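Architecture and fold: a report
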Amino acid sequence: MNMFLLLLGGIGWTIVYIGCIRLGFRDKTYAMPLFALGLNIAWEAIYAFRGLIVETSPQTFVNLTWMCLDIAIIYTYFKFGKKEFPENAQKYFVSFSILAFITCAVIELAFFITFDPLGAAQYSAFAQNAAMSILFIVMLFRRNSTRGQSMTIAIAKCIGTLAPTLQQGVLWEINPYIIMTGAVCFVFDILYIYLLYRFKKEGK
């Protein structure tokens with residue numbers, strides 16, 4: 001069961017990243033909210049490089065793969081994202097975006113420095129997933145369309161987070177933090193799936 005949940009989570013998130021890249025180029029936009037993207041790439045970089053230097057495992061190479069996929073998503077963000085900014089703020093697009101990525105890196109480093117490596121990876125991952133679940137809903141309403149979004153990404157994100165919630169929050173040990181943040185993710189993921197379905201039904 002542990003291996004099944006591990007693979008299920010990894011496959012789910014890989015589908016999310018590939019879907020974001022595909023839709024980004026197809027719809028000429030970015031498919032992952034800025035701060036979710038910043039937290040993701042920072043998390044993957046920290047734990048990929050730690051794995052290469054300190055303790056290499058299969059997860060290290062998964063993190064490296066995800067990091068490369070996120071770099072492609074970042075490319076779509078900088079290529080197409082400026083037009084998504086308010087018109088009177090577009091001149092600040094690059095500087096604000098760089099500040100956002102730096103801020104996300106600082107937040108991830110704060111977890112990494114404060115907690116033991118496993119705790120830091122877990123606590124930061126589930127916190128950023130909760131933020132991401134909310135940010136996808138914000139993006140849907142801000143765009144008022146399904147551009148750059150798909151049911152495949154929504155469902156894969158839900159499964160990709162639910163699997164490690166069950167694995168790390170229940171199977172490994174009963175971890176209230178993971179269970180609670182995982183539950184928050186699940187609620188907002190289901191809400192996003194429902195709202196995305198309604199938007200698509202309305203032809204938006």
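The notes below deal with the structure included here. It should be emphasised that the depicted structure is a prediction, and the values quoted were computed from it without experimental measurement.

1. Considering the side chain of Gln168
With respect to the secondary-structure elements, Gln168 resides in helix α6 (residues 151-171). Polar side-chain contacts of Gln168 include one of 3.0 Å to the side chain of Gln122.

2. Section: the layout of surface pockets
Computed from the structure, the largest pocket encloses a volume of approximately 1100 Å³. The wall of the largest pocket is formed by 37 residues, among which Leu6, Trp43, Gln59, Asn63 and Gln168 lie closest to the centre. For the lining of the largest pocket, the elements supplying multiple residues, two or more each, are α1 (2-27), α2 (34-53), α3 (58-80), α5 (117-143) and α6. Top element by residues in the lining of the largest pocket is α1. It accounts for 10 residues. Looking at side-chain class alone, the lining of the largest pocket contains 18 nonpolar, 16 polar and three charged residues. Its volume calculated, the second largest pocket comes out at about 260 Å³. Where the lining of the second largest pocket is concerned, the elements lending two or more residues are α2 and α5. If you tally residues by element for the lining of the second largest pocket, the top one is α5, at four residues. Here the lining of the second largest pocket is built from residues that sort into 11 nonpolar, no polar and two charged.

3. As for the packing of α1 against α6
One can describe the packing of α1 onto α6 by two numbers: an axis separation of 8 Å at closest approach and a directional angle of 155°. Relative to α6, the element α1 lies roughly antiparallel. Judged by the twist between their axes, the crossing of α1 over α6 is left-handed. Facing α1, whose interface residues are Asn2, Leu5, Leu6, Leu8, Gly9, Gly12, Trp13, Ile15, Val16, Gly19, Cys20 and Leu23, α6 presents Thr152, Ile153, Ala156, Lys157, Ile159, Gly160, Thr161, Ala163, Pro164, Leu166, Gln167 and Leu171. Counted by class, the contact of α1 with α6 contains 15 nonpolar, eight polar and one charged residues.

4. Focus: the nonpolar core
Counting 39 residues, the largest nonpolar core has Val16, Tyr17 and Met32 as the members making the most contacts within it. The residues touching Tyr17, leaving out its near neighbours within four places in the chain, are Met32, Asn40, Glu44, Trp66, Leu69, Asp70 and Ile73. Counting residues in hydrophobic clusters, the runner-up holds six residues, among them Ile46, Tyr47, Ala120 and Ala125.

The rules behind these values
- Each chain has its residues counted from 1, following the order in which its sequence is written.
- In keeping with the predicted nature of the model, local features appear solely for residues at pLDDT of at least 70, side-chain atom pairs appear and are counted solely at 80 or more, and the whole-chain, interface and lining totals rest on all residues.
- Side-chain measures were taken over the full set of non-hydrogen atoms in the model, leaving aside hydrogen atoms and water.
- The secondary structure listing takes helices from DSSP runs of H or I that are at least 4 residues long and strands from runs of E that are at least 2 residues long, numbered from the N terminus.
- Under the rule applied, a polar contact is a pair of N or O atoms within 3.5 Å (in protein, one hydrogen donor and one hydrogen acceptor; residues adjacent in sequence only if both atoms are side-chain atoms).
- Both site types are read off a 1 Å grid over the protein atoms alone. A 1.4 Å probe that fits but cannot get out defines a cavity, while an open set with protein on both sides within 12 Å along at least five of seven lines defines a pocket; lining residues have an atom within 4 Å of a point.
- Grid points are joined across faces, edges and corners, and a volume is the space filled by probe spheres set on the points.
- Only Asp, Glu, Lys and Arg are considered charged, only Ala, Val, Leu, Ile, Met, Phe, Trp, Tyr, Cys and Pro nonpolar, and every remaining residue, Gly among them, polar.
- A fitted line through C-alpha atoms represents every axis, and for helices the fit uses only the stretch in contact; the resulting angles, taken between N-to-C directions, go from 0 to 180 degrees.
- An angle below 35 degrees is treated as roughly parallel, one above 145 as roughly antiparallel, one from 65 to 115 as roughly perpendicular, and anything else as oblique.
- Here is the rule for handedness: rotate from the far helix to the near one, and if that takes an anticlockwise turn smaller than a right angle the crossing is left-handed, while a clockwise turn gives right-handed.
- By definition, residues are in contact when any of their heavy atoms lie within 4.5 Å.
- The definition of a nonpolar core used throughout is a set of buried Ala, Val, Leu, Ile, Met, Phe, Trp, Tyr and Cys residues joined through side-chain atoms within 4.5 Å.
- The buried label applies to any residue whose accessible area, calculated with a 1.4 Å probe on protein chains only, is under 20% of its type's maximum; exposed applies above 50%, and partly exposed to all values in between.

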